[in-house]
Each structure stands twice: as C-alpha cells, then as structure tokens.
Amino acid sequence: MSRYERITGRPPPEPEPARRRELVPVPAGGPTFLGRVMAMLGLAGRTPLRILAVPRDPIVGNKGVGSALLEGRFIAGAHEFDVEDLYRADPDLPAEVAERIHSFAWLRDVAAAATHERGRDVGEYLTRAWLSQHSEPGAGLAWRADMIGRRLLTWPAYAPYILSSRDSDYRARVLRTLSRSAREAERRADSAAIGLPRIAAWSGVVASSLTLQGRTERLAKAEAGLARAIRTGLTEDGGLVSRAPHQQLDLVELFALLRASYGAIHGVMPDWLRDAQEGALSALLSTVLGDAGLSSWQGGNGGDPHRIVAAVEASAAHAGPLRQSRGWGYQRLQGKDSLLVLDAAPPPPPKALSGGCASTLAIEFSAGTQRLVVNCGGAGDATGQLPDELLHLLRSTAAHSTLTLGDRNSTAILDGGALGKGVEKVDLERGTRDGHALVEASHDGYVRRFGLVHQRTVLLSPDGKALSGEDSLIPAGRKRRKADVAYAVRFHLHPAVEVTSTADGRGALLRVRGHKAWQFRCRGGTLAIEESLWIDGSAVPHATLQLVISGETPPDGMTISWEFNEAG
C-alpha cells in the first residue's frame, strides 16, 4: 500500500493514458557514483568552494517534458520554445516560463527522462546560457529572493547534470555563483513577500548552509530566518496565508527537497521544521477531492493529480487531511467516498496573494472519483495562459458555488485587481445532526451594503449519498433596505455532468457516464440551468453548466434549502 493510500484512505488515480505526463523516479546514486561526483566537483582544490553533498531530490519530474528538453524543446504549461532561442527571448518570456528557467525546476524533468550521463549536455548548455546573462546579482526576476532560494536547493541536488564538465573555468563559475547566491539570498530573504516566496528564499539559505563548503557556520542564522518566515507565512494549522492550494502543493514539494538536504548531511530535520512540513501536508490534503486533484480556490485549479500523489509519497511525513481548520480556512466533510470542501474564511490579505478571490462559503463536492459541484477555477501558476479579463471574472463570487446578493461580490474586487471591503469575519460551528456531519458558517460580506448576513449550513450523510444545505440571509447591522434585493445561489457543475430538468421545474437529474446519477432538489427561489465555465488542471477552459436558484429577498431576510441525493 502506498503512502498516499495509507494517508488518504483511497487509491491513487489510474496511470495516465499515453501521450500524457508520465512520472518516474529520479535515478538514485550509490556511494561509488557519489564518490565520482565529489571527485569531479573538488578537482584538487581548483575552486575555493565545493559541494559537500548531493541530496537526492524525492520529487519526481515530468518525463515527457524532460524528453522534449533532450530533443531541444523547452515546455512550460502551454508554452513551448526552441532551446536555442530560449535566452534570445528572455526579456519577453511569460512569467510561468521565466520562473521555471530561473528556478532551474526543469532539472527535475531532465532527471526523470535521462541518466546524468545523457542529461548533462542539456543541463550544462542551459546553465551556461543562464550564466551568460544572469551570473551577476541584479534587480530582475533571476535574482529575486525566492528564485535564488530555489536555485540553492536545486543546483546541489542536480550537480551531476550541471557540474560534470571537464571545463574547470565553467565549474568554477557555477560554484562562485552558488557562493554569491547564498550571500545574496541571506541578504534579500526578508524582503521577499510573506508566505511561499519568503519561505522559499530562507529554505535556500538553509540548504546552502548544509551543502556548501564554508557556509556551515551560517546554519543557525539561516534556520532562525526560516523559522521567522514560517511563523509569518503559515497559519497555525499549516496552511499558507495565501490560502492557495496550488501554492501549498509547491510548499510541500519544497519542504521535501529541504528535508533531503538535511538527510544528506545531518540525517534528519529539526523537530520544529518537521512539524511545519507535516502541517503543510495536512493542509494540502484537506483540499484534495476524490480524483486526487485539488479543489479550486484562490485562483488555482485541480492541477495534476499524479503530481499531488508524488508529493505525498515524497514528503516522508506522517499526516492526514485536516478536517477542520481556522487559519487555513477550508472545512472538509467526508462520507465514505464523498468529499466536500467549504471555504469558511475571509479572502487572503493582498500582501499574501495577488489575485485573491471572493469565494467565502463556496463549496466543491465529489462523489467517488467524479467531481460534481465545482468552482470555475483559475490559471494557477499559468497566469499568462488566460486573458486578464477572464482572470478577473474568475475571482468573482459568481464564479464560485455560493450565494451572491444584489449581483455583488461578497468581497469587492477593485479595478486594479486588489481586494476591497467585504468579508471580515466568518463565524463557524461544526458538529452532527441526526448522524450527518454538519458545518454551519456565516459571513458579514453583505452587511455594510445590504444589512444582511449570509449563513450557509451543509450536512453530509455518513454513507456519502446525501448532501443537503440551507442558505439564509439574516438581518444584521444598522443598515436596512426597504426594497427587495435579488439573490442567486449557484452550483457550478463539472463538464462531465449532464443535466436534465425535472417536470416540476424544482429539480434536476445529474448524470455522469460510468457513475451513479444524482438528483437535485430545491425549495425557495426559481431553479434554472445556465451556461458556465470550468478551468481544468492544465489551465484550459471548458464549457459547462450551472444550477442557479434565484429570487428576491425581503429586507428581513429569507431561507432556501437544497439537496443532492444519489439516485437509486
């Protein structure tokens, strides 16, 4: 039984079909191999610095992307460049491509596709090209604190792919850049944005203190910096303050490589860092649905389920999914094979995430491996893949499976992209009712404008075959409107779901080929089936449908109820 199956209680997804991503382990290096590498790196003291150890990166790369690199094609998301033209276009590269280049994350893919003997040509070619333009510290993306940190983690782990050359001048230049990078990262780390960027920067400083000659005396200071970054960047339950699951996955992978850096020298991480790693994994798992993909929050999408399984397997941490969280904010209900995730927190502060979403009290729901209720999602890390106008719309409350009032967002999204006034407080209770798991939450995002609190109650049966809920608008605050206000409760559906209205117009039958059908019923409001949009794990839009319960609420509020039941 795999670690993922032991932790989640469900098997990993089936292997991907041909022509899609195939994940393979990074080749392991035995003592003899490591000895040869160390000899090549030392070279009788020709350079003042040497790498003390070559950590084994436990995160697998993408074999297909690595094979393309070996053939001269650099792929990042939907973007593809000829390797020889890559650095000629450097100033105009999409952010997704540029970050992949400057972090050297592509080395994982090369290692997945080839041994170091075969992969070192492309590894050294791209490293030389990078050094020719970026070897001197500057103010651009290449020398941003988090990019430096990621290189400090990656270069030692993939030394056989970038430092096996017989060219002593080239090797010396790489090692000097590593030494300079460690100093720059230590100097710049606290200026990085809180959350993942600052943690990445300090993680690189720690890794350099473990793996680079002459840096070991800096370890205590590096660890103190990382501890500060974790205290400010993670909530008490292990989630990033950005509240973005796609970033949380990146964090789990980063911690796994940092753990390997410790393992190469000291054997184990400090207890406080291991606790942070386990907390980060628990927070990540709390947002995973039945298909092993992420639920879509804060501009993210489902991602690659195989990458998520690989991250869990590589973490070597003992942690299960968070069922309830306050700081991370995602509440998880499970009834056998059915899973529900509810956003029960305000959006992240602007300093923690650019592009936060007005998604408070939205839900996503899967039955077995099939997603039923979804949010529209976002581009994740592939921000350049979708138009800015669409990205703006995907952040709205209406793009999430929750209630909108007066056609307004629960938290304002300003023209410049920042979040404005809205949800400041979320009240939450968990428990059971008649044996069903219960979450009741409310937010104040509509109080200032409409004098109404939105309260949502959801219940999931123990067998996972019944999900029911209520959405209420409750008078609060000093403001009282005399006129009725229009509301809409949306349930965006996965593109695989086929929808048919019932004869009475108050329900719908949901069918998914190869899965059980589900029945939807509502009381209060008018039910309609409308067009919608869903962004898949590769940041590709798909047309889909949504169930919309609409009506008008009087000034003293209202309640509607709804339920999903497995048919027959």
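Residue numbering note: each chain is counted from 1, following its sequence as written. With pLDDT at 70 or above as the cut-off, local features in this predicted model cover only qualifying residues; side-chain atom pairs require 80 or more to be listed or tallied, and sums for whole chains, interfaces and linings still use all residues. Computation of side-chain values covers all heavy atoms of the structure but excludes hydrogens and water.

## So, the overall build of the chain
Our working definition: For helices the rule is a DSSP run of H or I covering at least 4 residues; for strands it is a run of E covering at least 2, with both sets numbered from the N terminus onward. Radius of gyration: C-alpha atoms only; globule rule: 2.2 Å multiplied by the number of residues to the exponent 0.38. Accessible area is worked out with a 1.4 Å probe on protein chains only. A residue is then buried under 20% of its type maximum, exposed over 50%, and partly exposed in between.
A tally of helices and strands in the chain yields 17 helices and 20 strands. Scaling as 2.2 N^0.38, a compact globule of 568 residues should have a C-alpha radius of gyration of about 24 Å, and the chain matches this with 25 Å. Reported as C-alpha extents along the three principal axes, the dimensions of the chain are approximately 85 × 50 × 45 Å. Counting the 568 residues in the chain, one finds 57% classified as buried.

## Quick word on the sheet that holds strand β13 (residues 466-475)
Put simply, the test is: What makes two strands pair is DSSP finding at least two bridges between them. Whenever a helix is involved, its axis is fitted only over the stretch in contact; in every case the axis is a line through C-alpha atoms, and angles between N-to-C directions fall within 0 to 180 degrees.
Strand order in the open sheet formed by 8 strands is β10-β11-β12-β13-β20-β17-β16-β15, with antiparallel pairing between adjacent strands. The sheet terminates laterally at β10 (426-433) and β15 (498-501), the two strands that pair on one side only. Across the sheet, the axes of successive neighbouring strands diverge by a mean angle of 15°, strand direction being ignored.

## Some thoughts on the pattern of salt bridges
Rule in force here: Salt bridges are identified by distance alone: a Lys or Arg side-chain nitrogen within 4 Å of an Asp or Glu carboxyl oxygen.
Per the counting criterion, the structure on display carries 24 salt bridges. Two residues, Asp-57 and Arg-108, come together in a salt bridge whose shortest N-O distance is 2.5 Å. Here Asp-57, found in the loop between α2 (31-42) and β2 (61-62), pairs with Arg-108, found in helix α6 (residues 106-113); they are 51 residues apart in sequence, far enough to count as distant. A salt bridge links Arg-371 to Asp-291, with the shortest nitrogen-to-oxygen separation between them at 2.7 Å.

## Re the nonpolar core
This is how it is decided: For our purposes a nonpolar core is just a set of buried Ala, Val, Leu, Ile, Met, Phe, Trp, Tyr and Cys residues, chained together by side-chain atoms within 4.5 Å. Whether two residues are in contact is decided by their heavy atoms, any of which lying within 4.5 Å being enough.
Counting residues in hydrophobic clusters, the biggest one holds 84 residues, and the most contacted among them are Phe-74, Trp-130, Trp-155, Ile-199, Phe-255 and Leu-258. With sequence-adjacent residues up to four places away left out, Leu-258 is seen in contact with Leu-153, Ser-203, Val-206, Ala-207, Leu-226 and Leu-273. In this structure, Val-373, Val-485, Ile-560 and Trp-562 belong to the second largest nonpolar core, which totals 44 residues.

## Remarks on the pairing of strand β16 (residues 507-511)
Here β15 runs beside β16; their pairing, made up of 4 bridges, is antiparallel. Residue pairing in the sheet places Thr-500 in a bridge with Leu-509 of β16. Here β15 folds back onto β16 in antiparallel fashion, the turn holding 5 residues, of which Gly-505 has a positive phi close to 75°. Pairing analysis gives 4 bridges linking β16 to strand β17 (residues 518-523), with the strands arranged antiparallel. Looking at β17, one finds that Leu-509 is bridged to Gln-519.

## What about the confidence of the model for the chain?
Keep this limit in mind: For every residue, the pLDDT score states the predictor's confidence, bounded by 0 at the bottom and 100 at the top.
When pLDDT is averaged along the chain, the result is 90, and 92% of the positions lie at 70 or above. Confidence over residues 16-48 falls short of pLDDT 50; this stretch has 53 contacts with residues more than four positions distant or in other chains.

## Digging into the pairing of strand β8 (residues 370-374)
With 5 of 5 residues buried, β8 lies mostly within the body of the structure. With 3 bridges connecting them, strand β7 (residues 363-367) and β8 associate as antiparallel partners. Among the inter-strand pairings, Phe-365 is bridged to a residue of β8, identified as Val-373. Between β7 and β8, which follow one another and run antiparallel, lie 2 residues, and Gly-368 among them has a positive phi close to 65°. Both β8 and strand β14 (residues 485-493) contribute to a ladder of 2 bridges, which runs antiparallel. From the neighbouring strand, Val-373 faces β14, where its bridge partner is Leu-493.

## Considerations on the packing of aromatic side chains
Basically, it comes down to this: Geometry of aromatic contacts follows a simple scheme: Phe, Tyr and Trp rings, the Trp one being its six-membered ring, pair when their centres are within 6.5 Å, and the pair is stacked under 30 degrees between planes, edge-to-face over 60, tilted otherwise.
Tallying each qualifying case throughout the model produces 15 aromatic pairs. Ring centres 5.7 Å apart and planes at 75° place the aromatic pair Phe-104 and Trp-130 in the edge-to-face group. Within this pair, whereas Phe-104 is found in the loop between α5 (95-103) and α6, its partner Trp-130 is found in helix α7 (residues 116-134), the two being separated by 26 residues in sequence. Phe-104 sits in the buried class, given a relative accessible area of 0%. For the ring pair Phe-104 and Trp-155, a centre distance of 5.2 Å and an interplane angle of 85° mean the geometry is edge-to-face. Residue Phe-104 is located in the loop between α5 and α6, and its partner Trp-155 is located in helix α8 (residues 145-157); the two are separated by 51 residues in the primary sequence.

## Notes on the environment of Leu-70
Within the element layout of this structure, Leu-70 appears in helix α3 (residues 63-70). Exposure remark for Leu-70: the relative accessible area of 25% places this residue in the partly exposed category. Sequence separation of Leu-70 and Val-110 is 40 residues, and the distance between their C-alpha atoms is 7.3 Å. Apart from the residues within four sequence positions on either side, Leu-70 is in contact with Val-110, Ala-113, Ala-114, Arg-118, Gly-119 and Val-122.

## What about α5?
Those residues of α5 that sit buried are Glu-96, Val-97, Ala-98, Ile-101, His-102 and Ser-103. Taken together, the buried residues of α5 touch β3 (73-76), β4 (79-82), α4 (83-86), α6, α7 and α8. Positive backbone phi, at 65°, marks Phe-104, one or two positions downstream of α5.

## With respect to unusual backbone geometry
One non-glycine residue, Lys-336, lies in positive phi territory at about 50°. Note that Lys-336 resides in the loop between β5 (330-335) and β6 (338-343).

## As for the packing of helix α11 (residues 196-211) against helix α12 (residues 219-233)
What counts, and what does not: Roughly parallel refers to an angle under 35 degrees, roughly antiparallel to one over 145, roughly perpendicular to one between 65 and 115, and oblique to any angle outside these ranges. Left-handed describes a crossing whose near helix is turned anticlockwise from the far helix through less than a right angle; right-handed describes the clockwise counterpart. Gly is put with the polar residues, along with every residue not named as nonpolar or charged; the nonpolar set is Ala, Val, Leu, Ile, Met, Phe, Trp, Tyr, Cys and Pro, and the charged set is Asp, Glu, Lys and Arg.
It is at 9 Å that the axes of α11 and α12 come closest, and there the two elements cross at 160°. Classed by the angle they form, the pair α11 and α12 counts as roughly antiparallel. α12 is crossed by α11, and the crossing has left-handed handedness. Here Arg-198, Ile-199, Trp-202, Ser-203, Val-205, Val-206, Ser-209 and Leu-210 of α11 come into contact with α12, specifically with Leu-219, Lys-221, Ala-222, Glu-223, Gly-225, Leu-226, Arg-228, Ala-229, Ile-230 and Thr-232. Looking at the contact of α11 with α12 residue by residue, the class counts come to 10 nonpolar, 4 polar and 4 charged.

## Examining the side chain of Asp-109
Structurally, Asp-109 is set in helix α6. Residue Asp-109 is classed as buried on the basis of its relative accessible area, which comes to 2%. Each residue touching Asp-109, except ones within four places of it in the same chain, is listed here: Gly-61, Asn-62, Val-65, Gly-66 and Arg-100.

## A closer look at the environment of Val-489
With respect to the helices and strands, the residue Val-489 is situated in strand β14. Accessibility expressed as a relative area gives 0% for Val-489, which makes it buried. Placed 130 residues apart in sequence, Val-489 and Ser-359 show a C-alpha to C-alpha distance of 13 Å. Discounting chain neighbours no more than four positions away, the residues touching Val-489 are Thr-402, Leu-403, Arg-456, Asp-471, Leu-547, Val-548, Ile-549 and Ile-560.

## Side note on α3
Applied cut-off: Note: the arc covers the axis-to-C-beta directions of the helix. Under this definition, polar contacts are N or O atom pairs within 3.5 Å; protein pairs additionally need one hydrogen-donor-capable and one acceptor-capable atom, and for neighbouring residues in sequence, both atoms have to be side-chain atoms.
Regarding α3, the residues found buried are Val-65, Gly-66, Ala-68 and Leu-69. Taken end-on, α3 shows its buried residues confined to a sector of 160°, consistent with a single buried face. Against the buried residues of α3 lie β2, β3, α4, α6 and α7. Capping of α3 at its N-terminal end is provided by Asn-62; its side-chain oxygen lies 3.0 Å from the backbone amide nitrogen of Gly-64.

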